[in-house]
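Examining the three-dimensional arrangement
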Amino acid sequence: MIKTRFAPSPTGVLHVGGARTALFCWLYSKKMKGKFVLRIEDTDLERSTPESVQAILDAMQWLGLDYDEGPYYQTQRFEHYRKAIAQLLEQGDAYYCQCSRERLEDLREQQMKDKQKPRYDGCCRELGLGPQAGSSMVVRFRNPQQGMVSFKDHVKGAVSVDNRELDDLIIERSDGSPTYNLSVVVDDMEMDITHVLRGDDHVNNTPRQVNILRALGATVPEYAHVPMILGDDGKRLSKRHGAVGVMEYFEAGYLPEAMLNYLVRLGWSHGDQEIFTRDEMIELFSLDGLNKSASSFNTEKLNWINQQYLMRAPLDSIVGLVEQRLLRLQIDHSGVLDFASVVDLYRQRVSTINELVDSILYYFQDFNDYDAKAAAKVLKASALRPLQCLHERLTLLDSWTADDIHALIEAITVELDVGMGKVGQPLRVAVTGGSFSPPIDQTLELLGKERSLARLERAIDHISEKQEQ
Ligand code: GLU
């Protein structure tokens, strides 16, 4: 059975890149009917925080990336790492090293001066040192000095590295804590991970990890090191490019399905297809489809995908999300009779839930000010007559339906001998405060008679006051 794992370090929020890795691991496990493990790599005690752990769990939950095992916490597994280190020492595959920080720094400086790659020179490798109470020794892995180390990578192909390129890395620090490469290896081994999918910033660690795995007698998993995500300027995606934490997209009103769809396409493709349901993603996902080159984050595309999902999702679910946001903003929308229709009318026109909420606020809140540009352009003396006419006729209109409102507006244009724009635009700015809205007759129907008339009065007053000045 195949088994994947997502192994974030809880030193901050879950980034877009991490979420994509998690998604790939999750997809592959689902596709292969295997298992997906969540492992929190919290051994860096200074940088790991409970808030970051929670942030990761929240993001996984929002995206619906459920795991079959875990979350495991590396800080609760120190015993396992100690045992593995003891085994390696016992076998002669690891050794104590007493080199001081100063010595290592001098060595490094000298190597840099000589234009050599900085590496440990194996000073303590053959000294046969034992543990000494109270000393600050570290334990190093005895990396093979000959031959090649190879592994299968589904993105990069077969990778082979000459062992002479690798030095003896520290696996236990002087305070007794295991280093990243050791704990990862022990966990991947003990958790029976068959496929390691992770960012290619780890690819240089892999030959070292493979050597340790071999020394421990473990089966070496298959790997897929996925290329990084770039910002739209071609540089590595970072805070400078805007939101990077996945939950910022939740806050901004994106749908989790759209986010997943966007993330899967950011590093994987299946022909030209852009929109994938969760089930489709599972069915079609394959490691072969992983892109070999870095992908660029593109907010416009994310917006487009989100819009597709806003339009296609069941209306109920969108209404629910809009209501949640209104609740958070403490805005009461109970006065709107047909709230679902308002949401439906607008979801075709916006990219996010937040945008949707912003564009329908005028249904339940009187706006403070008109959009300055729209008011200057449209709410002027020439609009007074059409607005007065509208107010008069609409007051008398008994059947408040889009069709009847439409007919009434048309009749006024004929009567005043003006184009639709001369009546419709002032009306739009009067009732919505701005110059963009769905068809005005539908807007009025959903806004209701009382509110529509009150806003017409307000606009008439606005123009009259302006004229008096
Ligand atoms: N904890 C590592 C990280 O967050 C990932 C380790 C791995 O996937 O092997 O970068």
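Now for a quick tour of the structure. These numbers were taken from a predicted model, which means no experiment stands behind them.

Let's talk about the sheet that holds strand β8 (residues 170–172)
With antiparallel pairing, 3 strands are arranged side by side in an open sheet as β4-β5-β8. Every interior strand has two partners, whereas the edge strands, β4 (94–97) and β8, have only one. Neighbour-to-neighbour, the strand axes of the sheet open up by a mean angle of 45°, direction not taken into account. Summarising the sheet, β4 and strand β5 (residues 138–141) pair through 4 bridges and their orientation is antiparallel. Bridging from a neighbouring strand, Cys-97 pairs with Val-138 of β5.

Focus: the nonpolar core
Of all hydrophobic cores here, the largest spans 106 residues; its most connected members are Val-322, Ile-360, Tyr-363, Leu-387, Leu-390 and Leu-394. Ranked by residue count, the leading element in this core is helix α1 (residues 16–31), at 9 residues. The contacts of Tyr-363, once residues within four sequence positions are left out, are Val-336, Val-342, Leu-345, Tyr-346, Thr-443, Leu-446, Leu-447 and Arg-451. Formed by 31 residues, the second largest nonpolar core is a distinct cluster that contains Tyr-81, Ile-85, Met-137 and Val-186.

Some remarks on the site of the ligand
Taken together, Arg-5, Ala-7, Pro-8, Ser-9, Glu-41, Tyr-180, Arg-198 and His-202 make up all the residues around the ligand. In the environment of the ligand, a nitrogen atom lies 2.7 Å from a nitrogen or oxygen atom belonging to the backbone of Ala-7. Within the shell around the ligand, the residues separate by chemical class into 3 nonpolar, 2 polar and 3 charged.

Focus on the environment of Asp-175
As for its placement among the helices and strands, Asp-175 is situated in the loop between β8 and α5 (180–190). On a C-alpha basis, the gap between Asp-175 and Glu-222 in space is 32 Å, while along the polypeptide they are 47 residues apart. A distance of 2.7 Å separates the side chain of Asp-175 from the side chain of Ser-177, its partner in a polar contact.

A word on the pattern of salt bridges
Across all of its chains, the model carries 24 salt bridges by this definition. Put simply, Arg-5, Arg-39, Glu-41, Arg-77, Asp-187, Asp-188 and Glu-190 are held in one network by salt bridges that share partners.

What to know about the pairing of β5
Residue alternation in β5 divides its side chains into two sets, Val-138 and Arg-140 and Val-139 and Phe-141, and both sets are buried. By the bridge criterion, 2 bridges tie β5 to β8 in an arrangement that is antiparallel. Its bridge partner lying in β8, Arg-140 is registered against Ile-170.

What to know about a positive patch on the surface
The grouping of Lys-377, Lys-380, Lys-422 and Lys-466 at the surface amounts to a positive patch. Relative accessible area serves as the criterion here: at 40%, Lys-380 is assigned to the partly exposed category.

Notes on the packing of helix α15 (residues 381–396) against helix α19 (residues 449–468)
In contact at an axis separation of 10 Å, α15 and α19 are set at 155° when each is read in the N-to-C sense. The orientation of α15 relative to α19 falls into the category roughly antiparallel. The handedness of the crossing between α15 and α19 is left-handed. Across the interface between the two elements, Ala-381, Ala-383, Leu-384, Leu-387, Gln-388, Leu-390, His-391, Leu-394, Thr-395 and Leu-396 of α15 pack against Lys-449, Leu-453, Leu-456, Glu-457, Ala-459, Ile-460, Ile-463, Ser-464 and Gln-467 of α19. Grouping the amino acids of the contact of α15 with α19 by side-chain chemistry returns 12 nonpolar, 5 polar and 2 charged.

Quick notes on the rules
Counting of residues starts from 1 at the beginning of each chain's written sequence and follows it residue by residue. In keeping with the predicted nature of the model, local features appear solely for residues at pLDDT of at least 70, side-chain atom pairs appear and are counted solely at 80 or more, and the whole-chain, interface and lining totals rest on all residues. Each side-chain value is worked out from all heavy atoms of the structure, with water and hydrogens disregarded. Here the rule is simple: two strands pair whenever DSSP picks up at least two bridges between them. Here a strand is any run of E in DSSP of at least two residues, a helix any run of H or I of at least four, and the numbering for each starts at the N terminus. Helix axes are fitted only over the stretch in contact, all axes being lines through C-alpha atoms; the angle between N-to-C directions runs from 0 to 180 degrees. Among the buried residues, those of types Ala, Val, Leu, Ile, Met, Phe, Trp, Tyr and Cys that are joined through side-chain atoms within 4.5 Å form a nonpolar core. Relative accessible area decides the class of each residue, using a 1.4 Å probe on protein chains only: under 20% of the type maximum gives buried, over 50% gives exposed, and in between gives partly exposed. Residues count as neighbours in contact if any of their non-hydrogen atoms are within 4.5 Å of one another. For each residue, the test is whether any non-hydrogen atom lies within 4 Å of the molecule or strand; if one does, the residue is near. Think of a polar contact as two N or O atoms within 3.5 Å of one another; within protein, one of them needs to be a possible hydrogen donor and the other a possible acceptor, and neighboring residues in sequence only count if both atoms come from side chains. Nonpolar residues are Ala, Val, Leu, Ile, Met, Phe, Trp, Tyr, Cys and Pro. Charged residues are Asp, Glu, Lys and Arg, and all others, Gly as well, are polar. When a carboxyl oxygen of Asp or Glu is within 4 Å of a side-chain nitrogen of Lys or Arg, the pair counts as a salt bridge. Distance thresholds for patches are 9 Å for like charges and 5 Å for nonpolar side chains (Val, Leu, Ile, Met, Phe, Trp, Tyr), applied to residues having over 30% relative accessible area and no salt bridge. Note on areas: Shrake-Rupley with a 1.4 Å probe; residue coverage comes only from the protein chains shown. Just so you know, the count uses Lys and Arg for positive and Asp and Glu for negative, and it drops His and the chain ends. Charge positions are represented by NZ for Lys, CZ for Arg, CG for Asp and CD for Glu. In this scheme, roughly parallel covers angles under 35 degrees and roughly antiparallel covers those over 145, while 65 to 115 is roughly perpendicular and the rest are oblique. By definition, turning the near helix anticlockwise from the far helix through less than a right angle yields a left-handed crossing, and turning it clockwise yields a right-handed one.

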